[in-house]
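Residues per chain are reported as follows:
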Amino acid sequence: MSSLPCLRSIQARYTTVATVMSLIVVTMIGIGLDLGVRNRIQAGVFEETQRFATQWIGAARDGSVASRSSPVSLLQVVNSHGRVVASSGAASGRPPLSSVRPPADDRIRHLTECPSRGGCVMLTAIRVSPQEAREVWHGEPHVVYAGMVQPPILAAHRLEILITAGALAVVAIAAGATWYVVGRTLRPVSAIRRGMSEITVSDLSLRVPQPSGQDEIALLARTANQTLARLEGAVEQQRRFASDASHELRTPIAGLRTQLEEALLYPDDVDPRDTIKTALSVTDRLEAIVSDLLGLARLRATGPAQLESIDLGVLVTGEAATRVNGVPVHARTAQDVKVRGNRVQLTRILDNLLDNAQRHAVTGVEVTAERLDGEAVMTVSDDGEGIAPRDRERVFERFTRLDDGRRRDAGGSGLGLAIARDIAHAHHGTLQVEDSPQGARFVLRLPL
C-alpha cells in the first residue's frame, strides 16, 4: 500500500513520529501522575478522618458528640441496629453515612460513599472496641464514621480532565516544535534540491548553496559541490579530448583521402605502389592514435588491475636488454626495489619513456631504478637537446608534440607521455621532467 500523501515529506513523518511518541510518553506520565495525586490526596484525607474518628470515640463515652470546627465535619456514631446515636452538626439529621460495618478482626475501614443525592463522601469507619462498648453502651457494638466531602479535584474526574488538558498541550507543543525544527533543518536541503535542478549538462559551473558548519547537511552540500567540480572537469576534459582527437584524426584521414582520389583521377600519373605504401603508412599512424586513445580511455575508466608485487630493477633490466635497435640503452639498478602494480601498465610507462629517449638521444640512454626517500624511483635520461623548462608540463598533454619530436618521428600519436603519466597517477605515483646536466631526464616515483 502506498504511503499517505500527507506523510511523504520527511518533515511530516518526523512530526508524526514525534507526536505519537510524545503522546505515549505523556499518557504514561499522566496516568502515573493521576494515580499518584489521587492516592496522595486520599491518603491525606483518610489519615485525617481516622484521627478524628479515634478522637470522637473517646468523646462519645457520655453518649454525645461535641461540635468541632474541622474539615472532617461529618461524624456519626451508629449502633448495631443502624441507628445514629450521636452526630456532628453537619451530619445531624442525615441517615448513616455508610452501611459498611468493619468486622471484629479489622476494626478500621476507609471507603468512599456516593449517595444518589449530593456529592461523594470520603470516610473512615472504626468499630468500637468491646471494652469501650461495655463501658459506654453495655456491650452493644457501635461504629464511628468520620468523613468529609470528596475534594473537588477528585470529584467528577476533574483531576483526569486537568491532566489530559495538560498532556494535550505538551503534545501540541512537541509537535509544533518538531515541525519547526525539522523544517528549519531541512530548509538547506530544499535549497540544494533547487540548485541541483538548475544544473544542466550544458552548464556545469553552477553550485548548490553550501550552509556553514560541519553538520551532515553542510557536508552533503560540500560533497555535492566537489562532485560537481570533478564532473565539470571531466566533461571539459572530455570535450577537449574529443576536439583534439578529431583534429589529430582529421589531418591524416584528409591526406589519405587526397592521395586515393588523386590515384583514381590520374591513374597514368600516379604509381599505385607508392600510393598504397603511403596509405599503409597513414593507416599505421591512425591505428597508433586509435590504439592509444582506447588505452587512455580504458586506463581512466578502470585504473590499474591485477596488482602484483613487481621488482622494478628486474623490470628495467629486462626491458633495457630488449632494446637492440637505435642508440644503446644502459641500465643501472639497485636490488629489492619492489612496488605493487600492474606489470603490463608499468612496462608501458617504461617503453614509452625509452622510445621517447631513444628518439632524442645522440649517443645513448641511461635508465636507473633505486630506492630513494622511501620511494621507488626510476629515471630515464638521454643526451639529446633536452626539454625547455616552459615545455616540461606541456609534453604530458594529449597530442602535444614539440617541433623536435615532429621532425624526428612524424608518425607519432602524441599520446605516449600522457598515457605514461596517467598510469603513474593510477599507481599513486608521479611522473615529471627534472633538471639534467644534458638532455632530458624523466623521473617516475612510486610507493614501495
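What you see is a predicted model, and the numbers here were worked out from it, not measured in a lab. Each residue is numbered by its place in its chain's sequence as written, counting from 1. Per-residue local features of the predicted model are confined to residues with pLDDT of at least 70, and side-chain atom pairs are confined, for both listing and counting, to 80 or more; whole-chain, interface and lining totals are unaffected and use all residues. Calculation of side-chain values draws on the structure's entire complement of heavy atoms; hydrogens and water are dropped beforehand.

Here's the deal with the overall build of the protein
Stated precisely, the cut-off is as follows: Only runs of H or I of at least four residues qualify as helices and only runs of E of at least two qualify as strands under DSSP, and these elements are numbered from the N terminus. Only protein chains enter the accessibility calculation, which uses a 1.4 Å probe; a residue whose area is less than 20% of its type maximum is buried, one above 50% is exposed, and one in between is partly exposed. Only heavy atoms enter the contact rule, under which two residues are in contact if any of them lie within 4.5 Å. Note on areas: Shrake-Rupley with a 1.4 Å probe; residue coverage comes only from the protein chains shown.
When you go through the protein residue by residue, the secondary structure sums to 9 helices and 12 strands. Counting all 448 residues of the protein, 38% fall into the buried class. Here the analysis covers contacts within the protein between residues at least 6 apart in sequence; of these, 60% occur between residues at least 24 apart. Accessible surface for the protein amounts to roughly 26300 Å². Of this, 56% is attributable to carbon and sulfur atoms.

A look at the sheet that holds strand 1 (residues 74-78)
Working definition: the strands of a sheet are paired by backbone hydrogen bonds and lie parallel or antiparallel to each other. Selection criterion: Each pair of strands is called paired provided DSSP finds at least two bridges between the two strands. Fitting a line to C-alpha atoms yields each axis, with helices limited to the stretch in contact; the angle taken between N-to-C directions then spans 0 to 180 degrees.
Reading across the sheet, the 5 strands line up as 2-1-5-4-3 and stay open at both edges, with antiparallel pairing between neighbours. Among the strands making up the open sheet, the edge pair consists of strand 2 (84-87) and strand 3 (108-113). Strand-to-strand twist of the sheet, defined as the mean angle between neighbouring strand axes without regard to direction, takes the value 20 degrees. Bridging between strand 3 and strand 4 (residues 121-127) involves 6 bridges; their strand directions are antiparallel. The partner of His 110 across the bridge, within strand 4, is Thr 124.

Overview of a nonpolar patch on the surface
Put simply, the test is: Residues enter a patch when their relative accessible area is above 30% and they make no salt bridge; the linking distance is 9 Å between like charges and 5 Å between nonpolar side chains (Val, Leu, Ile, Met, Phe, Trp, Tyr). The working definition used for a salt bridge is a side-chain nitrogen of Lys or Arg within 4 Å of a carboxyl oxygen of Asp or Glu.
Where nonpolar side chains cluster on the molecular surface, the patch consists of Val 17, Val 20, Met 21, Ile 24 and Met 28 and spans about 490 Å² of accessible area. Counting through the fold element by element, Ile 24 comes out in helix 1 (residues 10-59). On the basis of relative accessible area, Ile 24 is assigned to the partly exposed category, the value being 44%.

Quick look at the packing of helix 7 (residues 343-360) against helix 9 (residues 416-426)
Note the following rule: Two helices cross in a left-handed way if the nearer one is turned anticlockwise from the farther one by less than a right angle. They cross in a right-handed way if the turn is clockwise. Residues are grouped as follows: Ala, Val, Leu, Ile, Met, Phe, Trp, Tyr, Cys and Pro are nonpolar; Asp, Glu, Lys and Arg are charged; every other residue, Gly included, is polar.
Contact pair helix 7 / helix 9: the axes reach a minimum separation of 9 Å and the direction vectors enclose 145 degrees. Where helix 7 crosses over helix 9, the handedness of that crossing is left-handed. Counting all contacts with helix 7, which are made through Gln 345, Leu 346, Arg 348, Ile 349, Asn 352, Leu 353 and Asn 356, the residues of helix 9 involved are Gly 416, Leu 417, Ile 419, Ala 420, Ile 423 and Ala 424. For the contact of helix 7 with helix 9, the class distribution of residues is 8 nonpolar, 4 polar and 1 charged.

Describing helix 2 (residues 130-137)
How we decide: This arc describes the spread of directions from the helix axis toward the C-beta atoms.
Within the span of helix 2, buried status applies to Ala 133, Val 136 and Trp 137. The buried side chains of helix 2 occupy one side of the element, clustering within an arc of 85 degrees when seen end-on. Away from its buried face by more than 90 degrees, helix 2 exposes Gln 131, Arg 134 and Glu 135. Buried residues belonging to helix 2 abut strand 1.

What to know about the nonpolar core
Note on soluble globular proteins: their nonpolar side chains tend to be buried together. Here is the rule we go by: Working definition of a nonpolar core: buried Ala, Val, Leu, Ile, Met, Phe, Trp, Tyr and Cys residues. They are joined through side-chain atoms within 4.5 Å.
Ile 349, Leu 353, Val 365, Val 367, Met 378, Val 380 and Phe 442 are the most contacted members of the largest nonpolar core, which totals 37 residues. Contributions of two or more residues to this core are made by helix 6 (312-321), helix 7, strand 9 (365-372), strand 10 (375-382), helix 9, strand 11 (430-434) and strand 12 (441-447). The leading source of residues in this core is helix 7, at 6 residues. In this structure, Phe 52, Val 72, Leu 75 and Ile 126 belong to the second largest nonpolar core, which totals 15 residues.

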